[in-house]
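Listed below, chain by chain, are the residues.
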Amino acid sequence: MQFRAVKGMNDILPDAVGRWHRLEAAFRRVVESYGFGELRTPVVEPTELFVRSIGEVTDVVQKEMYSFEHHKDRLTLRPELTASAVRAYVQHKVNSKEPVSRWYYIAPMYRAERPQRGRYRQFYQAGCELYGDAGPASDAEMIDMLVSLYTELGIPDLKVCIHSLGGPGSRAKYREALLEYLRPRKDELTELSQERMEKNPLRILDSKSEKDQAVVENAPRILDCLEEEDLAHWDELKRHLDALGMQYEVDPKLVRGLDYYTRTLFEIKSDAGNLGAQNTLVGGGRYDGLVKRLGGADVPAIGFAMGLERILLAMPETDDTPSPPCFFAPLGEAAISAALVHAKQLRLAGVRTEVDSRGNSLKSMLRRANGLGVRHCVVIGESELEEGRAQLKDLAKSETVEVKLSALVARLQSLMTSEDEA
Ligand code: ATP
Ligand code: MG
């Protein structure tokens, strides 16, 4: 009997992991340079945490969560990390220890969606959360940080979209205006949107159905309903972005799929990588009310999450395979043992080294070394071992020299480092 991975969940084998490492390293380097520190939380949380934070009337909560019961606890595999981060922020009373916190994460998320290119059931997100700063300067800084990251990764055709939802006051005002517009057009909406209309009409704005989009086309605009302070926040955000020299578009239909957002919203898209409808690389926004809603103090916050698989599809092809190792081809038990000892010393000196300990013929070991692209290969035979010697082969030049085992490590180390520098 053979098994396969669960549908929509992927293995990443070592020969494909180089791109992941490059992306993750760039992400860490960039966000750490802005003062963000890494947060790690459990994969499983109480279901209610996501219902309360993401919102009951959302795709994620209504259709996409992996939830289960265990000893009467209702649990869910996290579909995103903002809720977990806020839970941790409140649980550890972080706001009483520091006025501003900057957190980041790189972690797998779980959503029961229909799998397609750029859309999976287990996928990785990298994201940041910033607590304790309500001002639009931190919003602008965050968006600019993302553009720097994607530029560094070589992703072309970036499109930055921004919008503002306003605070609760503006939202309530807008809700009424939108409902007034939608009610007479109810029959033109999809069934799902009709259901959502009274509970959460904003959801209809980001519906992916063409039917809904046709109705929404001429709906009133949130930006026209913003109260004075929300409008000032919005204008200041744009001024900061202008000062940073950023190109952006205002997208009045950008409302994002989760309930907790307030004021600034943003998405960055790219047409690279044939992502089609999955071309949103990152989404984020302000969620000033969420910490309080989850039992904490009244702390403003902003954050974003990017899907790593989508970024990888949008990143240009590069050779991310590591340089080939130094290779030991020992002949016989005693030589294998000696190879283990010398290889260990080389590794301690920082040289990637592989020992072929299968006990195969020299020919077969050299074939494997060639397959790995190895340049320096150490052959240790029984008689050489007794004399304290080994053969050092340069497979690129087809040259062989004899070296003393006692000098082997230093010799290889200097060969490998001089190549690294070349
Ligand atoms: P979409 O509109 O594409 O469904 P979303 O609004 O559900 O995205 P968020 O919940 O904001 O997405 O998550 C942020 C980012 O995570 C997305 O912009 C995308 O890059 C990525 N993402 C979301 N869902 C998936 C998935 N099922 N597979 C892979 N990446 C995903
Ligand atoms: Mg989604």
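The structure displayed is predicted, hence computed values, not measured ones.

Moving on to the pattern of salt bridges. Enumeration according to the criterion identifies 22 salt bridges in this entry. Note that E38 and R28 form a salt bridge whose closest N and O atoms lie 2.6 Å from each other. In this pair, E38 is assigned in strand β1 (residues 37-38) and R28 in helix α1 (residues 17-33), connecting sequence segments 10 residues apart. Residue classification places E38 among the partly exposed residues on the basis of a relative accessible area of 32%. In this structure, K159 and E249 form a salt bridge, with 3.8 Å as the shortest nitrogen-oxygen distance. Within this pair, whereas K159 is found in strand β7 (residues 158-164), its partner E249 is found in strand β8 (residues 249-250), the two being separated by 90 residues in sequence. The network of salt bridges with shared partners includes R28, E38 and R40.

Further remarks concern unusual backbone geometry. Apart from glycine, the bulk of residues carry a negative phi angle, and the bulk of peptide bonds sit in the trans form. Non-glycine residue D157 carries a positive phi angle of around 55°. By secondary structure assignment, the location of D157 is in the loop between α5 (136-152) and β7. Classification of D157 by relative accessible area gives exposed; the value is 52%. A positive phi angle, near 50°, is found at S398, a position not held by glycine. Structurally, S398 can be placed in the loop between β15 (389-394) and β16 (399-404). Overall, the relative accessible area of 67% leaves S398 in the exposed class.

For the rest of this paragraph, the subject is the nonpolar core. By size, the foremost hydrophobic cluster in this structure holds 96 residues, and its most contacted members are F27, Y131, Y150, F304 and M306. Of all the elements, α5 adds the most residues to this core, at 8 residues. Discounting chain neighbours no more than four positions away, the residues touching F304 are F27, Y105, A126, G127, C128, M142, M145, L146, F266, V282, G283 and G284. Among the nonpolar cores identified, the runner-up in size contains 18 residues, and F328, A335, A343 and L392 belong to it.

Moving on, we come to the packing of α1 against α5. Interaxial distance between α1 and α5 falls to 10 Å at its minimum, and their mutual angle equals 145°. For the pair α1 and α5, the sense of crossing is right-handed. Residues A26, F27, R29, V30 and V31 of α1 form the contact with α5, whose own contacting residues are M145, L149 and E152.

With respect to the helices and strands, the residue L340 is situated in helix α13 (residues 333-348). Assessed through its relative accessible area of 46%, L340 is described here as partly exposed. For the pair formed by L340 and D356, sequence separation is 16 residues and the distance between their alpha carbons is 9.6 Å.

So, about the domain arrangement of the protein chain. Each assigned domain of the protein chain is listed with its residue range as follows: domain 1 (17-167 + 227-314) and domain 2 (326-421). Centre-to-centre separation of domain 1 and domain 2, based on C-alpha positions: 49 Å.

Procedures and definitions
- Residues numbered from 1 in each chain as written.
- Chains lettered and ligands numbered in written order.
- Predicted model: local features only at pLDDT ≥ 70, side-chain atom pairs only at ≥ 80, totals over all residues.
- Heavy atoms only, no water.
- Salt bridge = Lys/Arg side-chain N within 4 Å of Asp/Glu carboxyl O.
- Helix = DSSP H or I, 4+ residues; strand = E, 2+ residues; numbered from the N terminus.
- Buried < 20%, exposed > 50% of the residue type's maximum accessible area, 1.4 Å probe, protein only.
- Core = buried A, V, L, I, M, F, W, Y, C linked by side-chain atoms within 4.5 Å.
- Contact = heavy atoms within 4.5 Å.
- Axes fitted to C-alpha atoms, helices over the stretch in contact; angles between N-to-C directions.
- Left-handed = near helix turned anticlockwise from the far one by under 90°.
- Domains from an automatic or database assignment.

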